[in-house]
Amino acid sequence: MNYIIDPKWVYWINVCESIKPFVYCVGGILALMSAIMWAIYAFWRVDDYCSRNDDDIKLNKKFIKWNIITTVSSILFFTIGIFIPSSDTLVMMKAAEIATYENVGLTVDKLKEITDYIIEAIKSIKGA
């Protein structure tokens, strides 16, 4: 079939509307975890209270690594959430895709035909 608007667009509009809150929720949870982990690291530094043996240094490096991973992940999820388009944006994108010069030209031609038909119909009524 030759759709003006593909039905898949309706599906993707609903998917985008459903995914956006989920992405923000995951980003918020990761940001909270990151903040808690950085607070723990700042107020209770593992290397301050431990004897600096190899196991403690490895634990400290793992802790920092996971802090960085959660921080970057939360920033990534919030960025993805920002760039997921809303349903209004998707509809406007599709309308902009359909509104081409060729389509506008066809519409103008059809309007001229309809106007000419109406004028001819009025002339035939007045002449009858």
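Residues numbered from 1 in each chain as written. Predicted model: local features only at pLDDT ≥ 70, side-chain atom pairs only at ≥ 80, totals over all residues. Heavy atoms only, no water.

1. Points about the side chain of Thr70
Piece 1. Relative to the assigned elements, Thr70 resides in helix α3 (residues 54-83).
Piece 2. If sequence neighbours within four positions are ignored, Thr70 has contacts with Leu30, Met33, Ser34 and Met37. (Helix = DSSP H or I, 4+ residues; strand = E, 2+ residues; numbered from the N terminus. Contact = heavy atoms within 4.5 Å.)

2. Observations concerning the environment of Thr71
Piece 1. With respect to the secondary-structure elements, Thr71 resides in helix α3.
Piece 2. Distance from Thr71 to Gly27, taken between C-alpha atoms, is 9.4 Å for residues 44 residues apart in sequence.
Piece 3. If sequence neighbours within four positions are ignored, Thr71 has contacts with Ser34 and Trp38.

3. As for a nonpolar patch on the surface
Piece 1. A cluster of nonpolar residues, Leu111, Ile114, Tyr117, Ile118 and Ile122, forms a patch on the protein surface that exposes about 530 Å² of accessible area.
Piece 2. By secondary structure assignment, the location of Leu111 is in helix α5 (residues 101-127). (Patch = residues over 30% accessible without salt bridge, like charges linked within 9 Å, V, L, I, M, F, W, Y side chains within 5 Å. Areas by Shrake-Rupley, 256 points an atom, 1.4 Å probe, with all protein chains shown as cover. Salt bridge = Lys/Arg side-chain N within 4 Å of Asp/Glu carboxyl O.)

4. A look at the packing of aromatic side chains
Centre-to-centre distance and the angle between the planes together describe a pair of aromatic rings.
Piece 1. In the structure shown here, the tally under the stated rule is 4 aromatic pairs.
Piece 2. With a centroid separation of 5.0 Å and 70° between ring planes, the pair formed by Tyr11 and Trp12 is classed as edge-to-face.
Piece 3. Their ring planes at 35° and their centres at 6.1 Å tell us that Tyr24 and Phe78 sit as a pair that is tilted. Taken together, the positions of Tyr24 in helix α1 (residues 7-43) and Phe78 in helix α3 put the pair 54 residues apart, joining distant regions of the chain.
Piece 4. Taken together, the aromatic side chains of Trp38, Tyr41 and Phe63 make up a single cluster linked through ring pairs. (Phe/Tyr/Trp six-rings, centres within 6.5 Å; stacked < 30°, edge-to-face > 60°.)

5. Topic: α1
Piece 1. For α1, built from 37 residues, the straight-helix expectation of 54 Å at 1.5 Å per residue is met to within 8% by its first-to-last C-alpha distance of 55 Å.
Piece 2. Restricting attention to buried positions, one finds in α1 the residues Ile13, Val15, Cys16, Val23, Gly27, Leu30, Ser34, Met37 and Tyr41. (Expected span 1.5 Å × (residues − 1). Buried < 20%, exposed > 50% of the residue type's maximum accessible area, 1.4 Å probe, protein only.)

6. A look at the confidence of the model for the protein chain
Piece 1. The predicted model of the protein chain has a mean per-residue pLDDT of 81, with 85% of residues at 70 or higher.
Piece 2. Mean pLDDT in the protein chain bottoms out at helix α2 (residues 46-49), which sits at 53, and peaks at α1, which reaches 88. (pLDDT = per-residue confidence, 0-100.)

7. Here we look at the nonpolar core
Generally speaking, soluble globular proteins have nonpolar side chains that are buried together.
Piece 1. Membership of the largest hydrophobic core is limited to 5 residues, which are Ile13, Cys16, Val23, Ile84 and Leu90.
Piece 2. Here this core takes 3 residues from α1, the largest share from any one element. (Core = buried A, V, L, I, M, F, W, Y, C linked by side-chain atoms within 4.5 Å.)

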